[in-house]
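Chain residues, written in single-letter form:
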Amino acid sequence: MSDLQSTNNPVSQAHIHGMIIGTLTFSHCVSVQVKRRERNTMEKFYSIWKNTFCYGDGDDFHYKITQGSQKFTSFLNPQTPAQLRPLTVVLHGPAGVGKTTLAKKVMLDWTQDNLPETLDSAFYLSCKELNHKGACTFAELMSKNWPDLQEAGPEILAQAQKVLIIIDGFDELRVPSGSLIHDICGDWKKRKPVPVLLGSLLKRKMLPKATLLITTRPGALRELRLLLEQPLLMEIEGLLEPDRREYFLKHFQEEDQALRAFDLMKSNPALFHMGSAPAVCWVVCTCLKLQMAKGEDPAPTCQTTTSLFLRFLCSQFTPAPGSCPSQHLVAPVKALCALAAEGVWTQTSVFDGEDLGRLGVEESDLRPFLDKNVLQKDRDCGGCYSFIHLSVQQLLAAMFYLLESEEEEGGESHRGDIGDIQKLLSKEERLKNPNLTHVMYFLFGLSNEKRARELEITFGCRVSMGIKQELLKSKSSGNKPFSSMMDMKEVVYCLYESQDEQLIKEAMVHVKEMSLHLKNKMDIMYSSFCLKHCQNLQKISLQVEKGIFLENDTASESDTWVQRSQSDYHTLCLWTDLCSVFSSNKNLNFLDVDQSFLSHSSMRILCEQITRVTCHLQKVVIKNVSPAEAYQDFCLAFTGKKTLTHLTLEGSVHSEKMLLLLCETLKHLRCNLHYLRLGSCSDITQQWDNFSLALETNQSLKCLDLIASELLDEGVKLLCTTLRHPKCFLQRLSLENCHLTEACCKELSSALIVTQRLTHLCLAKNNLGDGGVKLLCEGLSYPECQLQTLVLCHCNITRHGCKYISKLLQRDSSLTHLDLGFNLIATGLWFLCEALKKPNCNLTYLGLCGCSITSFCCQDLASALTSNWRLETLDLGENILGKSGIIVLFEALKQNNGPLKTLRLKMDESSVEIQKLLKEMKDSNTKLTIDCKDSRTSRSSYCDFLS
């Protein structure tokens, strides 16, 4: 087999990849119970695989297992006591990363026992072969290659803890829904359909003490987990980066070409991630090596996954220069595309004669692609075929849609189970079948006119470019833009694959907001490419995962740091590209950065773009960003930024230096801030002198929100001094959850009398109590007080507090909006209702959400509503009024066609009686909106007036 070990022969490489699964002529079941011939074959297979793909030393597998490595070590040893050994192990990972190879290596390790008297048996079940097997007994299922098994059955059952059963390719199993859990059987000799026997094995009805090793792709993992009890899940990531690099060095004769090709693959994060599969490395090497030999620039080939796999496919059939495309490829390529598409839709990667016949595909149609190793005969399953890699199948499935449009004119086409484009774009379909998402990416990639032309030249097939408009519009959703049908991540991935600027502009013309969750380099690269063409974009929300940027990127000079910094340099270049949109898009005015892990370098790049004159940001929200120094960088960037009117800084806002820089921002002559929110600020009291001076200097700031800051009663006293200052222009103030008590209310009351600019005050989530309310009402009763909105939710107010508020409201108070939500004031509601009846009460909004109001209180409310001529909104949400209470309120509202426009209630809208009442109410009072939705309990803040 020396010719197979030659890495210089591209064709032999494809054969070797096929041998990863097929070198051993395994049928659906293989026993390796101390059989020297099979063991030698397996050892030979493993040796070929290791030498060809891993380039490791000794027995080092060089495969990354991300979970459970210690338990896996014990799993490999059948002599480990059963109670310490996991009985079920699942190897999961993408296509081609070596799950089957690792499973077969485990079979070797399991039976590596030179004690002939022990019975260490391993069995191999191939799911793709099981698809073709009829009903049988469990003994027959396991005994095809071990005829004596039925006689040895009792001995195996007695020592089942020494038995290993490998179930390979669970994702390839094609069985009816529910068949794996139906009619579970524990009888070794009872004839049953294969799905029943397999389900009995997985559910531990059959051989409960045996060890199971199952391989699957991620798409079937959820279904598999439902069948297993406490499995050990292990993710197989495939070849590590050093092995991929070594692979390239062995494939190319010249080191500089190998390293250039490797760097090109690495420049595309998606392609590099796929390179964990040896077959993908072979495709990349084969493709780039051929281009370099022709003197072509290989860089564009690695730009997208579509360009790479398309170039690979076309390079196998490139016509001679000056010649016309060969027409004999038209029928075969259409047949192959149909086969690939149905396989994707039915989640099948191995095809038999029945599949070919159903689609009208002859075996002769496949010959050109078998000869070029695009397709290969499956060595585990006779008469079956599979593609060299799942990505090749997905590309050909996408090609089916481009070629299908031309075919429909000639009559009926063999669509089988293949869905149309609109179904492909459907989110529901893609959730059920994740492979469709990758087909969608390839389809957008093939919509590029240059690539479509490459297809036409190679295969002689005309490609209709009308596919673009079909992709951009969804017939099934009222011709809505496709960007409204999927997650933003999927949108940018699709558009990046297209590399079509005009297509991106058309697709994103209606997009005004984008929410980007950046998890890796790939997300940054794809997003930055699309952002450049979103000219109508107004708001960007960013979330940057931990690990994208090198943390403490100025902290070390070690070799490890140097290697990481080289990778980080590439990431920062992509980040620079993304951040440039803030200074290049004149319509972009809102930036929201939340739950993000940045670095000093990435912060510097972002802030540099923000400070540019061409950056027109008006609103910026920074929440929970690390490192903490990031807040200082933002404050420096905002200093003198005249366009900025709204700023939120929340999270680790406790740096003394940050507060000093913020004060400088507020004092700057060009500062135009109208709204400032400082959330969870712990040091503000210590820095109040500077902050107070900034508030007195700044003449633009109208709204200040200090939510969840440790202001305390002492801090409020300092704040009140500032509020009294004639140069303080604050109009709206929120002190929600600032740890305040009754002790600060006298100072607040006094300040409300002196300052006539303050019109809105939120004191929610502070333990003010009835005493605090009494003191506030004293200040509010003065005619000099101009306060219009007061929020006192969650302030521990009772009926006594309601008395004080009632008296205030009856004195011609300036208050028009009052929110008393989530205070236990049901017994004090009568006092409030009496105030509502008085002509001097100016309330237009009253919030009583979650105040423990019952049906017994509704008569008082009804009486007040019939007498009041100003109240426009009444919030009674989160109160259990009951049917009788709702009827009382509705009857009152029918009698009095008053000013009420919005009534919020908690009720069961599904009730027939309630629906009837709602209809009658709407018919009698058309201007009244009854809101039954619960929007209050999920609110993070009660001061909506500050937004």
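Model, not experiment: these values are computed from the prediction.

Asks: Quick question: what am I supposed to make of the side chain of Ser-700 here?
Replies: Note that Ser-700 resides in the loop between helix H32 (688-697) and strand S19 (703-705). Within polar-contact distance, the side chain of Ser-700 engages the backbone oxygen of Leu-673 at 2.8 Å. When neighbours within four sequence positions are excluded, Ser-700 is seen to be in contact with Cys-671, Asn-672, Leu-673 and His-674.

Asks: For this particular structure, what's the right way to read helix H31 (residues 656-667)?
Replies: Since the α-helix advances by 3.6 residues per turn, residues separated by three or four positions end up pointing in the same direction. Its 12 residues place the ends of H31 17 Å apart at the C-alpha level, agreeing with the 16 Å of an ideal helix rising 1.5 Å per residue. When we look at burial in H31, the residues that qualify are Met-658, Leu-659, Leu-661, Leu-662, Cys-663, Thr-665 and Leu-666. Close packing links the buried residues of H31 with helix H30 (630-638), strand S17 (646-650), strand S18 (675-679) and H32.

Asks: What am I meant to see in the sheet that holds strand S9 (residues 375-377) here?
Replies: Hydrogen bonds between backbone atoms are what pair the strands of a sheet, whose relative direction is either parallel or antiparallel. Taken in spatial order, the 3 strands line up as S8-S10-S9 in an open sheet, and their pairing is antiparallel. Of all strands in the sheet, those with a lone pairing partner are strand S8 (350-351) and S9, marking the two edges. Sitting on the sheet, helix H17 (residues 363-371) is in contact with S9 and strand S10 (385-387), with an inclination near 110° to S9.

Asks: Where do I start with the pairing of strand S7 (residues 232-239) in this structure?
Replies: Consecutive side chains of a regular strand alternate in pointing toward one face of the sheet and then the other. Burial runs high along S7: 6 of the 8 residues are buried. Sheet analysis places strand S3 (residues 88-92) next to S7, joined by 4 bridges and oriented parallel. The residue bridging His-92 from the neighbouring strand is Glu-235, located in S7.

Asks: Any chance you could explain helix H35 (residues 769-780) here in plain terms?
Replies: Spanning 12 residues, H35 covers 17 Å between terminal C-alpha atoms, matching the ideal 16 Å at 1.5 Å per step. Looking only at H35, the buried set comprises Gly-769, Asp-770, Gly-772, Val-773, Leu-776, Cys-777, Gly-779 and Leu-780. Buried residues belonging to H35 abut helix H34 (745-754), strand S22 (789-791) and helix H36 (799-809).

Asks: Where do I start with the nonpolar core in this structure?
Replies: The tendency in soluble globular proteins is for nonpolar side chains to be buried as a group. If you look at the biggest cluster of nonpolar residues, it comprises 255 residues, and the most contacted ones within it are Phe-459, Trp-575, Phe-582 and Leu-848. The leading source of residues in this core is helix H15 (residues 330-345), at 11 residues. Of all hydrophobic cores here, the second largest spans 34 residues; its members include Leu-141, Met-142, Leu-207 and Ile-214.

Asks: In this structure, what is going on with the layout of surface pockets? I would like to understand it.
Replies: Any empty space left between the atoms is revealed when a probe the size of a water molecule rolls over them. Roughly 500 Å³ of volume is contained in the second largest pocket. Along its surface, the second largest pocket is lined by 20 residues, and Gln-291, Thr-301, Arg-311, Lys-450 and Glu-454 are the ones closest to its centre. For the lining of the second largest pocket, the secondary-structure elements that each account for two or more residues are helix H14 (305-315) and helix H22 (449-459). When residues in the lining of the second largest pocket are grouped by element, the largest group, 5 residues, is from H22. Among the residues forming the lining of the second largest pocket, the class breakdown is 5 nonpolar, 8 polar and 7 charged. Taken domain by domain, the makeup of the lining of the second largest pocket includes at least three residues from each of domain 2 (241-303) and domain 3 (327-406 + 416-478).

Asks: Honestly, the state of the cysteines in this entry has me stumped. Any pointers?
Replies: Note on terminology: disulfide describes a covalent bond linking the sulfur atoms of two cysteines. For the structure shown, the criterion picks out 0 disulfides. Looking at the unpaired Cys-579, the closest cysteine sulfur is the one in Cys-607, lying at 9.1 Å. The class for Cys-579 is buried, based on a relative accessible area of 0%.

Asks: For this particular structure, what's the right way to read empty space enclosed by the protein?
Replies: Within the structure shown, the criterion is met by 5 cavities of 30 Å³ or more. Looking at the second largest cavity, its volume works out to about 90 Å³. Forming the boundary of the second largest cavity are Leu-865, Thr-866, Asn-868, Leu-871, Ala-892, Leu-893, Asn-896, Asn-897, Gly-898, Pro-899, Leu-900 and Asn-925. At the level of elements, helix H38 (858-867) and helix H39 (882-895) are the ones that each hand at least two residues to the lining of the second largest cavity.

Analysis parameters
Residues numbered from 1 in each chain as written. Predicted model: local features only at pLDDT ≥ 70, side-chain atom pairs only at ≥ 80, totals over all residues. Heavy atoms only, no water. Helix = DSSP H or I, 4+ residues; strand = E, 2+ residues; numbered from the N terminus. Polar contact = N/O pair within 3.5 Å; in protein donor to acceptor, adjacent residues only side chain to side chain. Contact = heavy atoms within 4.5 Å. Expected span 1.5 Å × (residues − 1). Buried < 20%, exposed > 50% of the residue type's maximum accessible area, 1.4 Å probe, protein only. Pairing = 2+ DSSP bridges. Axes fitted to C-alpha atoms, helices over the stretch in contact; angles between N-to-C directions. Core = buried A, V, L, I, M, F, W, Y, C linked by side-chain atoms within 4.5 Å. 1 Å grid on protein atoms, 1.4 Å probe; cavity = no way out; pocket = protein on both sides within 12 Å on 5 of 7 lines; lining within 4 Å. Points joined across faces, edges and corners; volume = space filled by probe spheres on them. Nonpolar A, V, L, I, M, F, W, Y, C, P; charged D, E, K, R; others polar. Domains from an automatic or database assignment. Disulfide = S-S within 2.5 Å.

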